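A structural walkthrough
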Amino acid sequence: MFSFIGSIRAMRGHHTQWKMLAAFFDTPGGPENLYVKEVPRPILKEGEVLVQVHASALNRADLLQRRGMYAPPPGASEILGLEAAGTVAALGPGANERWKVGDRVMALIAGGGNAQYVAVPAQQLIPIPPGMSDTDAAAIPEAWLTAFQLLHFVGKVQKGETVLIHAGASGVGTAAIQLCRLAEAVPMVTVGSSEKIDIAKKLGAAAGFNYKEEDFGKKCLEATNNVGADIILDCVGATHWQKNLQCLNFDGRWVVYGLMSSGEINGDLLAKLLWKRGSLIGSLLRSRSSKYKAELVKAFTEQALPHFASGGPIHLQPIVDSVYPLEKIADAHQRMEDNKNTGKIVLQIPV
Ligand SMILES: NC(=O)c1ccc[n+]([C@@H]2O[C@H](COP(=O)([O-])OP(=O)(O)OC[C@H]3O[C@@H](n4cnc5c(N)ncnc54)[C@H](OP(=O)(O)O)[C@@H]3O)[C@@H](O)[C@H]2O)c1
C-alpha cells in the first residue's frame, strides 16, 4: 500500500514536472479573452537554454497578437511574451559554454515569455546585473534592445545629433531617451500629456512636445534653431508624417518601427523626402535572424549593460510603470491599451 501511494506521488511529480502555467487566449479579441492555463513546458532545441521565468513584460506586439493581427514568426512559441527575466533551469545540447544552471538572466525572445518556463537561444540571454530585481530586469530586453538597435544599428546615431522620439514615455521611448544621452546625442520627445513631458525631461529629454496640443514639427524646428532632427524614431506613422518631414534635418534618417496611428497616408511624401535628401527606413526586431539578434545582444551587453550599475556618469534605469501577477494579465493589457503606462508593464510569474 505504502509503495503504491509512493508511486502515485512519483507519477504526479513526473506529470507536473513537464507542465507549466502560461497566459493563453482561445479566440482573438479583447483583454477579457486572456486567462492562465496549464500547458506543456517547451522542449529544448540545439543551442537553447530553458529559463525559469520570474517576471515578464508587455509589449504592443502582444496586444496586436491577442487581437489576431500579429502572428509569431515561424518556429516561435504561440504563447505571448517577448521578454523574460529569471534563472537558467536547464541547458540544451550545445548551449553549455556561456551559461550554467542557476544563472540570473534576462532574455530577448520571439514569443513564450508569459509563462513559467521559456526556451531561449543561448546567445539571446543577457546576465542580470548584480543587485537588479527580476521586475526591473524584465523591463529591459525588448524595449532597450529595440531602442539600442534603432539608434545604433539602424539610425547610426552620432555624437551631438538631435533625435526626435515619438511616444517618448513608452517602454521603447524611455529607453531611447537614456541611450541617446549615453551616445552623447540630444533627445527630444513627443508625448500625449504634460505629465509625460515631465517624466521624459527627468530621464534626459532636452525638450518635449505634446502632440495633442502643439504642432511638434514647428516646435522641434524652433528648439533646434530651424535645423530639425537628424533622426526621428517613429512608431506612430500616418498622423505624424507631414510634421516629421517638416522637422527632419537635411540628410536626416526617419526610422519607422511602429504604426500606432495607421500606415495609410495620402500626400506628397516622396517629394518632401527627396527635398530633404532624407532616408526612410523601416525596422522590425522580432522577425530578425538569430545571428542579427545575437550581434545586437552582444553589442548591448558590452556597451550599455555596464551603465545600469550605479556609479558611472550616465546611469541607465529601466522604467517600470506597474507590476501585475500573471493571473491579472487582462488588467495589464487593458492598462496598455488605454495608453496609461509610462515605461513598462511587468508581469510577475508564479515560481
Ligand atoms: N519595430 C520593432 O522592432 C518594435 C519593437 C518594440 C516595440 N515596437 C513599437 O514601439 C512602439 C512603442 O512600444 P511600447 O511597448 O514601448 O509602447 P507603450 O509603452 O505601450 O507606449 C505606447 C505609447 O504610445 C502613445 N500612443 C499610442 N497611440 C498613439 C497614437 N495613435 N499617436 C501617438 N502616440 C500614441 C501612447 O502615449 P501618449 O500618452 O504619449 O500618447 C502610449 O502610451 C509600439 O508602436 C510598438 O509596436 C516596435
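Residues numbered from 1 in each chain as written. Predicted model: local features only at pLDDT ≥ 70, side-chain atom pairs only at ≥ 80, totals over all residues. Heavy atoms only, no water.

Structural notes on the overall build of the protein chain
When its secondary structure is counted, the protein chain shows 11 helices and 15 strands. Its C-alpha radius of gyration of 21 Å places the protein chain within 12% of the 20 Å reference for a compact globule of 351 residues. When each of the 351 residues of the protein chain is scored for burial, the buried share is 54%. Considering only contacts within the protein chain whose residues lie at least 6 apart along the sequence, 67% involve residues at least 24 apart. Summing over all exposed atoms, the protein chain offers an accessible surface of approximately 16100 Å²; the carbon and sulfur share of this is 55%. (Helix = DSSP H or I, 4+ residues; strand = E, 2+ residues; numbered from the N terminus. Rg over C-alpha atoms; globule rule 2.2 N^0.38 Å. Buried < 20%, exposed > 50% of the residue type's maximum accessible area, 1.4 Å probe, protein only. Contact = heavy atoms within 4.5 Å. Areas by Shrake-Rupley, 256 points an atom, 1.4 Å probe, with all protein chains shown as cover.)

Observations regarding the site of the ligand
Taken together, 25 residues lie around the ligand, and Gly192, Lys196, Tyr211, Ser283 and Leu285 are the ones closest in. One nitrogen or oxygen atom from the main chain of glycine 171 is found 2.9 Å from an oxygen atom belonging to the ligand. Within the contact set of the ligand, an oxygen atom lies 2.9 Å away from a side-chain nitrogen or oxygen of asparagine 341. Burial of the ligand by the protein amounts to 90% of the accessible area it has alone, namely 930 Å². Mapping the ligand onto the cavity grids shows that it belongs to the largest pocket. For the shell around the ligand, the class distribution of residues is 11 nonpolar, 11 polar and 3 charged. When residues of the shell around the ligand are sorted by domain, at least three fall in each of domain 1 (2–140 + 318–348) and domain 2 (144–282). (Near = heavy atom within 4 Å. Polar contact = N/O pair within 3.5 Å; in protein donor to acceptor, adjacent residues only side chain to side chain. 1 Å grid on protein atoms, 1.4 Å probe; cavity = no way out; pocket = protein on both sides within 12 Å on 5 of 7 lines; lining within 4 Å. Sits in = over half its atoms within 2 Å of the grid points. Nonpolar A, V, L, I, M, F, W, Y, C, P; charged D, E, K, R; others polar. Domains from an automatic or database assignment.)

Concerning the side chain of lysine 196
Inspection of the secondary structure puts lysine 196 in helix α6 (residues 194–203). Buried within the structure, lysine 196 lacks any salt-bridge partner; aspartate 321 is the closest side chain of opposite charge, at an N-O distance of 7.9 Å. When sequence neighbours within four positions are dropped, the list of residues in contact with lysine 196 reads Ala169, Val191, Asn339, Asn341 and Thr342. (Lys, Arg positive; Asp, Glu negative; His and termini not counted. Salt bridge = Lys/Arg side-chain N within 4 Å of Asp/Glu carboxyl O.)

Some thoughts on the domain arrangement of the protein chain
According to the domain assignment, the protein chain contains domain 1 (2–140 + 318–348) and domain 2 (144–282). Together, the buried faces of domain 1 and domain 2 total about 850 Å²; carbon and sulfur atoms form 66% of this surface. Together, Ile140, Ile319 and Thr342 form the three largest contributors to the area buried by domain 1 at its contact with domain 2, with a combined 46%. Seen at the junction of domain 1 and domain 2, the total is 0 salt bridges. The tally of links from domain 1 across to domain 2 stands at 3 residue pairs in polar contact (both at pLDDT 80 or more). For the side of domain 1 that touches domain 2, the residue count by class is 6 nonpolar, 4 polar and 2 charged. (Buried area = accessible area lost by both parts, 1.4 Å probe.)

What to know about the packing of aromatic side chains
For the coordinates displayed, the defined rule picks out 7 aromatic pairs. Taking 5.7 Å as the distance between ring centres and 90° as the angle between the ring planes, the aromatic pair formed by phenylalanine 148 and phenylalanine 300 counts as edge-to-face. Highlighted residues: phenylalanine 148 in helix α4 (residues 141–154) and phenylalanine 300 in helix α10 (residues 290–303), separated in sequence by 152 residues. Residue phenylalanine 148 shares its accessibility class with phenylalanine 300, and that shared class is buried. Aromatic ring contacts, followed pair by pair, group Trp144, Phe148, Phe153, Tyr292, Phe300 and Phe308 into a single cluster. We note arginine 41 situated over the ring of tyrosine 117; from NZ or CZ to the ring centre the distance is 3.9 Å. Taking the ring centre of tyrosine 70 as reference, the NZ or CZ of arginine 286 above it sits at 4.8 Å. (Phe/Tyr/Trp six-rings, centres within 6.5 Å; stacked < 30°, edge-to-face > 60°. Lys NZ or Arg CZ within 6 Å of the ring centre and 35° of its normal.)

Considering the layout of surface pockets
Taken as a whole, the largest pocket encloses approximately 1300 Å³ of empty space. If you trace the largest pocket, you find 49 residues lining it, with Arg60, Cys235, Gly258, Leu259 and Met260 closest to the centre. The set of elements that each furnish at least two residues to the lining of the largest pocket consists of α2 (60–66), α4, α5 (171–182), β9 (186–191), α11 (329–337) and β15 (344–348). No other element matches the 5 residues that α4 contributes to the lining of the largest pocket. No fewer than three residues from each of domain 1 (2–140 + 318–348) and domain 2 (144–282) sit in the lining of the largest pocket. (Points joined across faces, edges and corners; volume = space filled by probe spheres on them.)

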